[in-house]
Amino acid sequence: MMRYLLPIRFAAFLLLFIAAASSAATVTLQPLSDNSLYQGGIAADPTATFEDNSCGGGPYLFAGFAGVAPRSFIRRALVEFDIAGNIPAGSTIDSVTLTLNANLTPDTLNRNMDLHPVSQDWGEGTLDCGLNGGGQGMEANPGDATWLDAKFQSVAWASAGGDFGASSATASVAPLGNAVWDSTSNPALLVDVQSWLDTPAGNEGWLVAGDETQDTTIRRFY
């Protein structure tokens, strides 16, 4: 059987162990698309709102709760990989590991973070808000994913904050360093990635959601 090890690098690193024909291969990919969704504003300006902001061309992804209750400052990350374009059709995926590297947070505790399969096509765009740290994003261009729109000014999310299914994986994420979700602990990851290989049109990637019940749980992934 052919065995593929597929690490995908960016803010995300995805490792797949795949059975196909009769030899072994290693494939390295970068994400097809990635972006962050921004809810709410900033404590210094209660009238500010970032819900039409985006940052698909920047170096960072954000997930977690960035504010202090009762103000809502949720951030969610979107990431999609081109599975079918790099793995032979008919292959069977045996294991999946996704790693994100957290490089900035005000938090000091480990927090649970979830991966949810996204059910709506969304836009990445070219906005790069990295120079201001990325946590607020920038005013979206048409077609960019935002908190309210899968594609700004053309396709709204059915529910603000993204359209997604039940959690496929949960990981305890430290304040800094690698966050790792694997199919040994979360077998639904196999279901997601196998379905994206078998039915590429259904691949809209994952939404990364942090702890949205506690203050300042946000993680910035580089």
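Conventions and cut-offs
- Residues numbered from 1 in each chain as written.
- Predicted model: local features only at pLDDT ≥ 70, side-chain atom pairs only at ≥ 80, totals over all residues.
- Heavy atoms only, no water.
- Helix = DSSP H or I, 4+ residues; strand = E, 2+ residues; numbered from the N terminus.
- Buried < 20%, exposed > 50% of the residue type's maximum accessible area, 1.4 Å probe, protein only.
- Phe/Tyr/Trp six-rings, centres within 6.5 Å; stacked < 30°, edge-to-face > 60°.
- Core = buried A, V, L, I, M, F, W, Y, C linked by side-chain atoms within 4.5 Å.
- Disulfide = S-S within 2.5 Å.
- Salt bridge = Lys/Arg side-chain N within 4 Å of Asp/Glu carboxyl O.
- pLDDT = per-residue confidence, 0-100.
- Contact = heavy atoms within 4.5 Å.
- Polar contact = N/O pair within 3.5 Å; in protein donor to acceptor, adjacent residues only side chain to side chain.
- Pairing = 2+ DSSP bridges.

### Some thoughts on the environment of phenylalanine 221
Along the chain, the position of phenylalanine 221 falls in strand β16 (residues 219–221). By relative accessible area, phenylalanine 221 is classed as buried at 0%.

### A look at the packing of aromatic side chains
Counted according to the given criterion, the structure contains 4 aromatic pairs. Taking 6.3 Å as the distance between ring centres and 70 degrees as the angle between the ring planes, the aromatic pair formed by tyrosine 60 and phenylalanine 62 counts as edge-to-face. By the burial criterion, tyrosine 60 is buried, and phenylalanine 62 matches it. Here the aromatic cluster, defined as three or more aromatic residues joined through ring pairs, consists of Tyr38, Tyr60, Phe62 and Tyr222.

### Some details on the nonpolar core
Ile83, Leu115, Trp181, Trp206, Val208 and Phe221 are the most contacted members of the largest nonpolar core, which has 27 residues in total. A per-element tally of this core places strand β8 (residues 92–104) first, with 5 residues. With 12 residues, the next largest nonpolar core counts Leu78, Trp147, Trp157 and Ala209 among its residues.

### A short note on the state of the cysteines
Inspection of every chain in the model, using the stated rule, returns 1 disulfide. The residue that forms a disulfide with cysteine 55 is cysteine 129, at a sulfur-sulfur distance of 1.9 Å. Here cysteine 55 and cysteine 129 share a disulfide; its torsion about the S-S bond, -115 degrees, makes the bridge left-handed. Note that cysteine 55 is positioned in the loop between β5 (53–54) and β6 (61–65) and cysteine 129 in the loop between β9 (111–117) and β10 (138–139), a separation of 74 residues in sequence. Accessibility expressed as a relative area gives 2% for cysteine 55, which makes it buried.

### Details of the pattern of salt bridges
Considering all chains together, one arrives at 4 salt bridges under this definition. Its salt-bridge partner being arginine 111, residue aspartate 107 comes within 2.7 Å of it at the nearest N-O pair. The pair formed by aspartate 107 and arginine 111 is uniform in burial state, with each residue classed as buried. The residue aspartate 121 makes a salt bridge to lysine 151 at a minimum N-O spacing of 2.8 Å.

### Notes on the confidence of the model for the protein
Here the protein shows a mean pLDDT of 87. Residues at 70 or above account for 83%. In this model residues 1–10 is a low-confidence stretch, pLDDT under 50, and it forms 62 contacts with partners more than four residues away in sequence or in other chains.

### Quick word on the side chain of serine 91
Relative to the elements of secondary structure, serine 91 occurs in the loop between β7 (74–80) and β8. With a relative accessible area of 2%, serine 91 lands in the buried category. A polar contact of 2.8 Å, which involves the side chain of serine 91, links it to the backbone oxygen of proline 88.

### Some remarks on the environment of glycine 123
Along the chain, glycine 123 turns up in the loop between β9 and β10. Residue classification places glycine 123 among the buried positions, given a relative accessible area of 9%. Residues glycine 123 and lysine 151, 28 residues apart in the sequence, show an inter-C-alpha distance of 5.4 Å. If near-sequence neighbours (up to four positions away) are discounted, glycine 123 is found in contact with Asn35, Gly143, Asp144, Ala145, Ala150 and Lys151.

### Some remarks on the pairing of β9
Across 5 bridges, the pairing between β9 and strand β13 (residues 169–173) is antiparallel. The residue bridging methionine 113 from the neighbouring strand is alanine 171, located in β13. Here 4 bridges tie β9 to strand β15 (residues 206–209), and the two strands are oriented antiparallel to one another. Of the residues in β15, the one forming a bridge with proline 117 is tryptophan 206.

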